[in-house]
Amino acid sequence: MSSNTGTPALPGTALAPGTAAPDFRLPSTPDQLVSLHEFRGQPVVLVFYPADWSPVCGDQTALYNELMPEFHRFDAELLGISVDGPWCHLAFAHDRKLRFPLLADFEPKGAVARQYGVYRSQDGFCERALFVIDAEGTIRWSYVSPVGVNPGADGILAALEGLAPKEKKI
Amino acid sequence: MTTRSSTELTLPVTDRDHIQGSTEALVTLVEYGDYECPHCGRAHPIVEEIRQQFGDRLRFVFRNFPLTQVHAHAEAAAEAAEAAGAQGRFWEMHHALFTHQNALDTSHLVQYAGRLRINAAQFGEALSAHTFRDRVREDFMSGVRSGVNGTPTFFINGMRHDAPFDLPFLSEAIEGVMGSGGDQGRAAGQS
């Protein structure tokens, strides 16, 4: 496997498909909290990324921003998560005109990333990891990309299609 | 369905595409690009050099991948290239856009079209009616499906080129595929 192809859920670390997605409650803005269970009944795409402002994250969020209409076709909610604080997220989202929430896994630092098995304790930030969670709250697909490589969106779309076989392929 | 990470071109090159070079070419280089992206602007002369270097042995295909949330003029520019293409002047407009990346507002697009002596009314109508929006989106989604994660992204005989796009890297990768009779990309795609 080349360094660019990434790895499916690192063995023994990232939560694997079939696992119940751990619930969480994290700030999406300095005065708002978002819980995973609020989205029960629709698919959720969790996008863990190392940091606001780093170049690869910028490309990745730009791509997902562009694809919001595609995610909405599956009634899916996309949530970005990093250890950056809510004020940092606010500035980043404003600068990049992001159309999806960024959650602050800030205090205790990386707690949610640890629950999902994607915290890099040696670095102090999380992996670049994707989870597709179905309407019942079960992880159906997970993927950990090399930290410097933008994982793109084809895997997410394929996983969402897997949840909704009636949805037409584009 | 846990391991999917596409690096293979999912939409084959057909006559729907804008193609420069011989149909007999051993190697097909496909670029997904954004006319307002500075990296794509930097890649433009490199692609020109690659085309000169390989001559008839290579054909080049350009597909649109406008990141419209980041680049305010990227969508209009992509539609403008397609509108010029509908009048047989795709590559001339393509070149004009990449060499004027800081002037891609509608008045400049119309100005470039004027220099190509194409039907101005038809061109203007295509822009205002967004005649080619679906076509641009089709390009974009085919890129997403093929693992395009930023611009520019190149595919050599259907396989994503993950090394840098500077001349030596791109040239070496193309030579590599040629050296294997053009089959290297296919073989790697099955691994």
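These figures come from a predicted structure and were not determined experimentally.

1. Some words on the overall build of chain B
Across its full length, chain B carries eight helices and five strands. A compact globule built from 191 residues should have a C-alpha radius of gyration of about 16 Å, and chain B, at 16 Å, falls within 12% of that. Across its three principal axes, chain B shows a C-alpha extent of roughly 50 × 40 × 30 Å. Within chain B, the fraction of its 191 residues that count as buried is 52%. When contacts within chain B are restricted to residue pairs at least 6 apart in sequence, those whose partners lie at least 24 apart make up 78%. As presented, chain B carries roughly 8,500 Å² of accessible surface, and 50% of it is formed by carbon and sulfur atoms. Considering chain B, the positive charge centre built from 16 side chains and the negative charge centre built from 24 side chains are found 2 Å apart.

2. Structural notes on helix α3 (residues 90-98) of chain B
Judged by how many residues are buried, α3(B) sits mostly within the fold: seven of nine residues are covered. Taken together, the buried positions of α3(B) are F90(B), W91(B), M93(B), H94(B), A96(B), L97(B) and F98(B).

3. Let's talk about the side chain of T151(B)
Residue and element names in this part refer to chain B. Tracing the sequence through the fold places T151 in the loop between α6 (133-145) and β4 (153-156). A relative accessible area of 12% means that T151 is categorised as buried. The residues contacting T151, other than those within four sequence positions of it, are Y32, G33, D34, C37, H39, C40, F65 and L67.

4. Considering the layout of surface pockets
In this structure, the second largest pocket spans a volume of roughly 500 Å³. Lining the second largest pocket we find 21 residues, and of these N149(B), P152(B), T153(B), D162(B) and A163(B) sit closest to its centre. Looking at the lining of the second largest pocket, the elements that each hand over two or more residues are α1 (55-66) of chain A together with α1 (38-54), β4 and β5 (159-161) of chain B. Among the elements that line the lining of the second largest pocket, the one with the most residues is α1(A), at three residues.

5. Looking at the packing of aromatic side chains
Inspection of every chain in the model, using the stated rule, returns 17 aromatic pairs over all chains. Between W141(A) and Y143(A), the aromatic rings sit 5.8 Å apart at their centres with planes inclined by 0 degrees, giving stacked as the arrangement. Both residues of the pair, W141(A) and Y143(A), count as buried. Counting every residue linked through ring pairs, the aromatic cluster contains Y35(B), F60(B), F62(B), F90(B), W91(B) and F98(B). When the ring centre of F74(A) is taken as reference, the NZ or CZ atom of R73(A) above it lies at 5.5 Å.

6. Observations regarding the confidence of the model for chain B
Residue and element names in this part refer to chain B. A residue-level look at chain B finds 92% of positions with pLDDT of 70 or above and a mean pLDDT of 91. Per-residue pLDDT stays below 50 along residues 1-5; that stretch engages in 19 contacts with residues further than four places along the chain or on separate chains. Low confidence marks residues 184-191, where pLDDT is under 50. Its contacts with residues over four positions away, or in another chain, come to eleven contacts.

7. With respect to the pattern of salt bridges
According to the stated counting rule, one finds 16 salt bridges over all chains in the structure shown. One salt bridge connects R96(A) with D95(A), and the closest N-O pair in it is separated by 2.9 Å. On the accessibility criterion, R96(A) (27% relative accessible area) is partly exposed. Among the ionic pairs, R51(B) bridges to E48(B), the shortest N-O distance being 3.7 Å. Of this pair, R51(B) and E48(B) both sit in helix α1, three residues apart, which is roughly one turn of that helix.

8. Thoughts on the nonpolar core
Membership of the largest hydrophobic core comes to 42 residues, with the highest contact counts inside it found for L29(B), M93(B), L97(B) and I174(B). Residues contacting I174(B), with those up to four places away along its chain left out, are V27(B), L29(B), I50(B), F54(B), L58(B) and I156(B). Counting residues in hydrophobic clusters, the runner-up holds 35 residues, among them M68(A), L78(A), L130(A) and Y32(B).

9. Points about the sheet that holds strand β5 (residues 102-104) of chain A
What links the strands of a sheet is backbone hydrogen bonding, and the strands pair in either a parallel or an antiparallel sense. All names here are of chain A. Reading across the sheet, the five strands line up as β5-β4-β3-β8-β9 and stay open at both edges, with mixed pairing between neighbours. Sheet topology places β5 and β9 (139-145) at the edges, where each strand pairs with a single neighbour. Averaged over all adjacent pairs, the angle separating strand axes in this sheet is 20 degrees, with direction ignored. Alignment of strand β3 (residues 44-48) against strand β4 (residues 77-82), held across five bridges, turns out to be parallel. Paired with L46 across the bridge in β4 is L79. Set on the sheet, helix α5 (residues 154-163) makes contact with β3, β8 (128-133) and β9; between it and β8 the angle comes to about 15 degrees.

Rules of the game
- Residues numbered from 1 in each chain as written.
- Chains lettered and ligands numbered in written order.
- Predicted model: local features only at pLDDT ≥ 70, side-chain atom pairs only at ≥ 80, totals over all residues.
- Heavy atoms only, no water.
- Helix = DSSP H or I, 4+ residues; strand = E, 2+ residues; numbered from the N terminus.
- Rg over C-alpha atoms; globule rule 2.2 N^0.38 Å.
- Buried < 20%, exposed > 50% of the residue type's maximum accessible area, 1.4 Å probe, protein only.
- Contact = heavy atoms within 4.5 Å.
- Areas by Shrake-Rupley, 256 points an atom, 1.4 Å probe, with all protein chains shown as cover.
- Lys, Arg positive; Asp, Glu negative; His and termini not counted.
- Charge placed at Lys NZ, Arg CZ, Asp CG, Glu CD.
- 1 Å grid on protein atoms, 1.4 Å probe; cavity = no way out; pocket = protein on both sides within 12 Å on 5 of 7 lines; lining within 4 Å.
- Points joined across faces, edges and corners; volume = space filled by probe spheres on them.
- Phe/Tyr/Trp six-rings, centres within 6.5 Å; stacked < 30°, edge-to-face > 60°.
- Lys NZ or Arg CZ within 6 Å of the ring centre and 35° of its normal.
- pLDDT = per-residue confidence, 0-100.
- Salt bridge = Lys/Arg side-chain N within 4 Å of Asp/Glu carboxyl O.
- Core = buried A, V, L, I, M, F, W, Y, C linked by side-chain atoms within 4.5 Å.
- Pairing = 2+ DSSP bridges.
- Axes fitted to C-alpha atoms, helices over the stretch in contact; angles between N-to-C directions.

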